[in-house]
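Structural overview
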Amino acid sequence: MNIHEYQAKQLLSQRGVSVPPGGVCATAEKAKAMAAKLFAQGYKRVIVKSQIHAGGRGKGTFKNGGQGGVRFCENSAEVYANAKAMLGKVLVTRQTDSAGRKVHKVLVEAALTVNREIFLAVILDRATSLPMIMVSSAGGMDIEEVAAKHPEQIFREPIDPAVGMMPYQARKIAIALNLPNELIPEATTLLLGVYQTWWECEATLVEINPLHVVEHINGDKDLVAVDGKITLDDNALYRHPELQELRDLAEESLLEIEASNYNLSYIKLEGNIACMVNGAGLAMATMDIIKFYGGLPANFLDVGGGAKSQQVSAAFNIILNDSNVRAILINIFGGIMQCDIIALGLVTAMKEAQLSLPVVVRLEGTNADIARQIIADSGLPVITATTLADAAEKAVHAADQHVVTPA
């Protein structure tokens, strides 16, 4: 589950991580009032940041023609004007699709004097199955680009989850970043707080990019999380009702929300061949082979290993509510999941929907023969396939041949 920047900063701040002074606002009037407080405290500039679940906001474009979802302001009047220009508007960035995201809130913060930019993240390293702290002096840049061109600029420190992050490790990281001696205590507190946030919130990612070495009004230097991104593990949310409250349904696709109601793993994509698969690995392979044969998947949809007929029917209806879909590929390998259960759900859903889209079905495994007979007896115009390659090829062809009937 993704959360907003301002929410990530609240979680970090609760654990001792310094963040810029300011607050989130839902109206231009409140943004102006927040800015007035900051200017009264002696800050020279204020930054207004659109709050959406996507990066690249600073270089984003509003659909009404405005440029930049992150803007610096010299006075309260500018803050009001920029907040008004952002709120209620749709922002498109490199991390959104072409539809963009509507801005419902802005974060108004003091713009501090910056001396250095640092990248900091806590992830789960799949190679070692350990939490990993990653830092780089190349803050503010795309870390993938840094890793590709300058891997020596990335410092990694594995953490033993049995004991957690130790202060000596935090000091080791601070020294690796060549921070001045006077900032080592602040860096230690911040790094321990960032790891604590990752651990206690059961996050899959905590990223601060950039982490700034800043100079405050009184001349003191400090480390401040200027940006913050946290992704929470959906599977652990039942243990954290306080984190469930951070979910913003306005940032999610209506189809994804519907899928979550049935415990289905669904992600909408921009292609036109819908996929319904049991198992995340098989779903990824299915999308890959659709691409191999020249098609584009419309979604990732994993019904799981123990889906019931009702869930299958719900999954099918979610697919049908995507107006981009031109063909449906159903790829089921029956292990724990029985193919006949899938077949019953499909037949029910297709009959209820009075389906006009071509459907390609590949069923293998437990009760596959029974499932094929159920589909054959249904009288529905289903295209059967024997192998995954055969199914993908037929789905791509069906999508290319399907004629959309004007509404």
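Up top you'll find the structure we're talking about.
Residues numbered from 1 in each chain as written. Predicted model: local features only at pLDDT ≥ 70, side-chain atom pairs only at ≥ 80, totals over all residues. Heavy atoms only, no water.

**Here's the deal with a nonpolar patch on the surface**
Taken together, the side chains of Val163, Met166 and Tyr168 define a hydrophobic patch exposed on the protein surface, amounting to about 300 Å² of accessible area. Examined against the element boundaries, Val163 turns out to sit in the loop between β10 (154-158) and α5 (167-176). Classification of Val163 by relative accessible area gives exposed; the value is 56%. (Patch = residues over 30% accessible without salt bridge, like charges linked within 9 Å, V, L, I, M, F, W, Y side chains within 5 Å. Areas by Shrake-Rupley, 256 points an atom, 1.4 Å probe, with all protein chains shown as cover. Salt bridge = Lys/Arg side-chain N within 4 Å of Asp/Glu carboxyl O. Helix = DSSP H or I, 4+ residues; strand = E, 2+ residues; numbered from the N terminus. Buried < 20%, exposed > 50% of the residue type's maximum accessible area, 1.4 Å probe, protein only.)

**Regarding the sheet that holds strand β6 (residues 101-102)**
Taken in spatial order, the three strands line up as β3-β5-β6 in an open sheet, and their pairing is antiparallel. Edge positions in the open sheet fall to β3 (61-62) and β6, since each of these has one partner strand only. Note: β3 against strand β5 (residues 90-92), two bridges, orientation antiparallel. Residue pairing across strands places Thr61 opposite Val92, the latter belonging to β5. (Pairing = 2+ DSSP bridges.)

**Comments concerning empty space enclosed by the protein**
With the rule as written, the count across this model stands at one cavity of 30 Å³ or more. Approximately 50 Å³ is the volume attributed to the largest cavity. Taken together, Ile118, Val135, Leu177, Leu179, Ala187, Leu190, Leu191, Leu211 and Leu223 make up the lining of the largest cavity. Looking at the lining of the largest cavity element by element, the count peaks at three residues for helix α6 (residues 184-200). Taken together, the residues of the lining of the largest cavity break down into nine nonpolar, no polar and no charged. (1 Å grid on protein atoms, 1.4 Å probe; cavity = no way out; pocket = protein on both sides within 12 Å on 5 of 7 lines; lining within 4 Å. Points joined across faces, edges and corners; volume = space filled by probe spheres on them. Nonpolar A, V, L, I, M, F, W, Y, C, P; charged D, E, K, R; others polar.)

**Things to note about the nonpolar core**
Core analysis: the largest hydrophobic core is formed by 39 residues, its most contacted members being Leu120, Ile133, Leu179, Val194, Ile230 and Leu232. When residues of this core are traced back to their parent elements, those giving at least two are α1 (5-13), β8 (113-125), β9 (130-136), α5, α6, β11 (203-215), β12 (221-225) and β13 (229-232). Counting residues per element, this core draws most heavily on α6, at seven residues. Aside from chain neighbours lying at most four places away, what touches Leu232 is Met1, Ile3, Cys201, Glu202, Ala203, Thr204, Leu237 and Leu243. By size, the runner-up hydrophobic cluster in this structure holds 33 residues, among which are Phe316, Ile330, Met350 and Leu363. (Core = buried A, V, L, I, M, F, W, Y, C linked by side-chain atoms within 4.5 Å. Contact = heavy atoms within 4.5 Å.)

**Brief notes about the packing of α5 against α6**
The geometry of a pair of packed helices is captured by two quantities: the angle between their axes and the separation between those axes. α6 packs onto α5 with a crossing angle of 120° between their chain directions and a minimal axis gap of 8 Å. In terms of orientation, α5 and α6 fall into the oblique class. Taken as a pair, α5 and α6 cross one another with a handedness that is right-handed. Judged by residue contacts, Pro167, Ala170, Arg171, Ile173, Ala174 and Ile175 of α5 engage Ile184, Ala187, Thr188, Leu191 and Leu192 from α6. Looking at side-chain class alone, the contact of α5 with α6 contains nine nonpolar, one polar and one charged residues. (Axes fitted to C-alpha atoms, helices over the stretch in contact; angles between N-to-C directions. Parallel < 35°, antiparallel > 145°, perpendicular 65-115°, else oblique. Left-handed = near helix turned anticlockwise from the far one by under 90°.)

**Considerations on the packing of aromatic side chains**
Counted under the stated rule, the structure contains four aromatic pairs. Between Phe292 and Tyr293 the ring centres are 5.1 Å apart and the planes differ by 85°, which places this aromatic pair in the edge-to-face class. Under the relative-accessibility criterion, Phe292 is labelled exposed at 68%. Residue classification places Tyr293 among the partly exposed residues on the basis of a relative accessible area of 28%. In this structure an aromatic cluster arises from ring pairing among Tyr195, Trp198 and Trp199. Note that Lys32 overlies the ring of Tyr80, its terminal NZ or CZ placed 5.8 Å from the centroid. (Phe/Tyr/Trp six-rings, centres within 6.5 Å; stacked < 30°, edge-to-face > 60°. Lys NZ or Arg CZ within 6 Å of the ring centre and 35° of its normal.)

**Side note on the side chain of His53**
Inspection of the secondary structure puts His53 in the loop between β2 (46-50) and β3. Discounting residues that sit within four places of it in the chain, His53 has contacts with Asn2, Ile3, His4, Arg101, Asp248 and Glu251.

**So, unusual backbone geometry**
Across the junction of Asn209 and Pro210, the peptide omega takes the value 10°, indicating a cis bond. With respect to the secondary-structure elements, Pro210 resides in strand β11. In this model, Ser129 sits at a positive phi of 60°, which is unusual for a non-glycine residue. Its identity as a non-glycine residue notwithstanding, Asn263 has a phi of 60°, on the positive side. Its place among the elements puts Asn263 in the loop between α8 (254-261) and β14 (265-268).

In short, geometric facts, not functional conclusions.
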